[in-house]
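Geometric and topological summary
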Amino acid sequence: MIDKSAERTLRDRENELAEVQRIAKVGGVLVDLRDGFKNRRSPEYLAIHGLPADAVNESHEDWVRRLHPDDRERAEIQFLDVLRGEAERYSSEYRIIRPNDGEVRWIAAEGRIERDAEGRAIRMIGAHIDITERALSREMLRESEERFRLIADSAPVPIWVTQMDRTRSFANRAYVEFVGVPYEQALAFDWRTILHSDDIERVVKESIAGEASLKPFVLEARYRRSDGELRWIRSESQPRWDPAGRHIGFIGVAHDITAAKQAEIDLRSVNDRLETLVGDRTSQLRARESQLRAILETTNQHHGLLDRAGRLLYANATALTAANVALEGVVGRAFWEGPWFTATPGAAEVVERAFNVAIGGKTARSEIELQLPVGSRSFDLALRPVSDETGQITAVLAEAVDTTDRRLNEEALRQAQKMEAVGQLTGGVAHDFNNLLTIIRSATDFLRRRDLPEERRRRYVDAISDTTDRASRLTGQLLAFARRQPLAPVTFDVAAQVASIANLIRPLVGSRINIEVDASPEELFANADVGQFETTLVNLAVNARDAMNGEGRLLVSAYPANEIPAVRSHGAKPGDFVAVSIEDSGTGIAAELLQTIFEPFFTTKEVGRGTGLGLSQVFGFAKQSGGDILVNSKLGEGTVFTLYLPRSQALSVAPPATAQRADPASGVGHRILVVEDNADVGTFSTELLEDLGYVTEWARSADAALDLLAKDEFVFDLVFSDVIMPGMNGVELATVVRNRYPGLPVVLTSGYSSVLAENAHRGFELVQKPYSVEVLSRVLRRSIADRRGMTAVSNGEA
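Note on numbering: residues in each chain are counted from 1, in written sequence order. Local features in this predicted model are restricted to residues whose pLDDT is 70 or higher, and side-chain atom pairs enter the listing and the counts only when it is 80 or higher, whereas totals over whole chains, interfaces and linings include all residues. With hydrogens and water set aside, each side-chain value is computed from the structure's full complement of heavy atoms.

1. Focus: helix 8 (residues 200-213)
Under the DSSP-based scheme used, a helix requires at least four consecutive residues in state H or I and a strand at least two consecutive residues in state E, with every element numbered from the N terminus. A helix is expected to reach a length of 1.5 Å times the quantity of its residues less one. With 14 residues, helix 8 ought to run about 20 Å at 1.5 Å a step, and its terminal C-alpha atoms sit 20 Å apart, in line with that. For every residue, the accessible area (1.4 Å probe, protein chains only) is compared with the maximum for its type, and the residue is labelled buried under 20%, exposed over 50%, or partly exposed between those bounds. Of the residues making up helix 8, those classed as buried are Val-203, Ser-207 and Gly-210. Summarising the axial view, the buried residues of helix 8 lie within an arc of 70°, below the 170-degree limit, and thus occupy one face. In helix 8, the exposed positions angled more than 90 degrees off the buried face are occupied by Glu-201, Lys-205 and Ala-212. Pairs of residues are marked as contacts when any of their non-hydrogen atoms sit within 4.5 Å. Tucked inside the fold, the buried residues of helix 8 contact strand 8 (217-224) and strand 10 (247-256). A positive backbone phi angle near 55° is found at Leu-214, which sits one or two residues after helix 8. The directions from the helix axis to the C-beta atoms are what the arc is built from.

Structure, rendered in structure tokens:
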């Protein structure tokens, strides 16, 4: 007699497995090779390949026709070669063109081949996995690396990236041209072979010391260019770190400073000669003046001499050429009224203020951008007082160094570093998601075994569910760092919330850590997402616990602040803020790491003890909430993190309490309008809602949904809509529904949306993807129950 309970349980587990396969985009396939190619495909396989439901049995030729023309020959030959050989596993990646919508999708095919006693393939059991998103991510990484190469190759100065073995992983075109060898040889080129013999010992020592310091360092030396000419080169090297904080090499840029060095040598030579001159003081002064004038007239720097009233007495040829004027046309005029500054708004005022500082006895420096006949140029400007033998200031010397090319090179270097950081971030995301996909893949492989015990089957299903939750948390942390997470800001009492969270974190940090709370007696209200605020303090507390090795003192403080101090190249930001600081007595953070601790996937913890996303989430939450996060730390003295949030002056008034109403037990008797443009998601959503007992109707766009509502607004009890759709998005649709049909509830769902990140969800219920059946059911029941309650009140029911 058949055990109906066991049969029903097996059927439920098969349905669960099918649902998991739909979510994970995994389709099963069975190929019988004993009499040609007889194929059987699972419904999930058909959905991935865009085939109708009745296409369960299809031929080998049907599969070949779906292959992308660029992949067809390779994929078919690879498949047939595996069958003819002795391998027991088949693995391949290729593109298909789905017949139902013409969309190109990337497929990862994996299979196990069964062979008879003679070694002939008789059957293959396999799975097709839709990896389109992963393949596109791979392509984005490749494109970012290509953009980096294009930017670096366009720079007029040598740029290179070295590895730990001191060979280069990249060298730009200017570097290759300087050393004069092919690109592949340039990567392994020994730069010591082109060093001037007088410089080699000193530079090698400085290079070794600079690399050992793991800090930026500068070298200056003479190198023989590929054309045989000796050039003075100034190289600047920055250390590189991987997402785990490990040193992986250096990135460097070089500037040709031959002209400046020659001028320096000439000036030194002139000074040496002047010191040896004897004779008449007048002839000494005349000789010095003549030689200094010669230097000033040949240097690339801009020089001018001003009297005590600021009138120009002298300007060298470089300065006159830049303004396209003759000395006679500008001498005697106020320097700041000269042609160098008239075309740049505000420049004259800056220079006049600098002159007043210099005539007072101090050197005035400023960075300034000027509009000149040759175009826009950047300068480092300095005005220095000139004193006579008695110490009286007799004149002011104006000096300007054109920094335009240097700034462009620095920008190219920053862009190169930015591209490297994008590559590291992409690699970190791919690494973590591949780990999660490995768990899902392994669990689904085991779930296909018919002899798997029920306990282990449940364990694998739970593993897939838990892994999905971890993937959701990972994307949430990344969105927090990118400041693209949907927030629900409210006004709350910071001191009360801090006290509550302190009680929450006591079990997390352990009894050997003494937690103290110091909150200002002044009322402190902030406007932010309370859940994210709690997560932020918990993340900081856990980091503090690890820094103290489970024993020490943790002080949590809350107090008002009238500005956010200057931090990370940003000036101070005045305003009304609430500051919450967490101070620990741990080991502290090295100074060179303070600028990188908020980057995603950066961690100093050992493997398995941290993802490197906690502080990036804290940073993203603070910035998205209109505040900031600061850190002060010294090795051996502990660390203080201070979170700044906008302050609110009044606490929001909570709505009056109402009598509790019982939610409907199920969806039976209720109709839901599902609005979803994606066919796979729409099919899955309607099936899930129908399994919950709801009657559904599916609209594939916001306009189609509004047309259905216009026909009969009372036929639906709720609208369940995605946010991201072509045309009108879900938030816009919900707003229209609320205005036209005030009694009809709307529930939104999204995994990520810039619309939500920038505007929240305007008071509508939001179910974050991926969502569980329990969460979705609870939100739908509550929304429908709230509607019934509102209807009862409007009808005068007690």
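2. Describing the sheet that holds strand 3 (residues 89-97)
One bridge is not enough; two strands pair if DSSP finds at least two bridges between them. As summarised here, the arrangement of the five strands in space is 2-1-5-4-3, forming an open sheet in which the pairing is antiparallel. Each of the sheet's edge strands pairs with one partner strand only, and the pair in question is strand 2 (38-41) and strand 3. Going across the sheet, the axis of each strand differs from the next one's by a mean of 25°, ignoring polarity. Bridge count for strand 1 (residues 26-32) against strand 5 (residues 121-130) is seven bridges, and the pairing is antiparallel. Bridged to Val-26 within strand 5 is Ile-129. Running over the sheet, helix 4 (residues 69-84) touches strand 3, strand 4 (104-115) and strand 5 and is turned about 160° from strand 3. Axis definition: a line fitted to C-alpha atoms, limited for helices to the stretch in contact. Angles are taken between N-to-C directions and run from 0 to 180 degrees.

3. Notes on the sheet that holds strand 9 (residues 230-241)
Read from one edge of the open sheet, five strands run 7-6-10-9-8, paired in antiparallel fashion. The sheet is open, and its two borders are formed by strand 7 (168-171) and strand 8, each paired with just one other strand. Here the average twist between neighbouring strands, direction ignored, is 25°. Bridge count for strand 6 (residues 159-162) against strand 10 is four bridges, and the pairing is antiparallel. Each residue of the ladder has a partner; that of Val-161, found in strand 10, is Ile-251. Contacts from helix 8 reach strand 8 and strand 10, with the element oriented near 150° to strand 8.

4. Digging into the pattern of salt bridges
Any Lys or Arg side-chain nitrogen found within 4 Å of a carboxyl oxygen on Asp or Glu counts as a salt bridge. Summed over the entire model, instances satisfying the criterion amount to 38 salt bridges. Arg-234 is the partner of Glu-236 in a salt bridge, and the nearest nitrogen-oxygen pair spans 3.4 Å. A residue is classified by how much of its surface remains accessible, and Arg-234, at 28% relative accessible area, is partly exposed. Linked through salt bridges whose partners overlap, the residues forming this network are Arg-98, Asp-101, Glu-103, Arg-105, Asp-130 and Glu-133.

5. What about the pairing of strand 13 (residues 364-372)?
In terms of strand pairing, strand 13 meets strand 14 (residues 375-387) through nine bridges, oriented antiparallel. Bridge pairing links Arg-365 to Ala-382 in strand 14. Taken together, strand 13 and the strand that follows it, strand 14, pair antiparallel across an intervening segment of two residues.

6. A look at unusual backbone geometry
Within the chain, Arg-166 stands out as a residue other than glycine whose phi angle is a positive 70°. With respect to the secondary-structure elements, Arg-166 resides in the loop between strand 6 and strand 7. Of note, the phi angle at Leu-214 is positive, near 55°, even though the residue is not glycine. Summarising the element assignment, Leu-214 is placed in the loop between helix 8 and strand 8.

7. Side note on the side chain of His-302
Locating His-302 in the fold gives a position in strand 11 (residues 302-306). When neighbours within four sequence positions are excluded, His-302 is seen to be in contact with Asn-316, Thr-318, Ala-319, Ala-322, Phe-379, Ala-398, Glu-399, Ala-400 and Asp-402.

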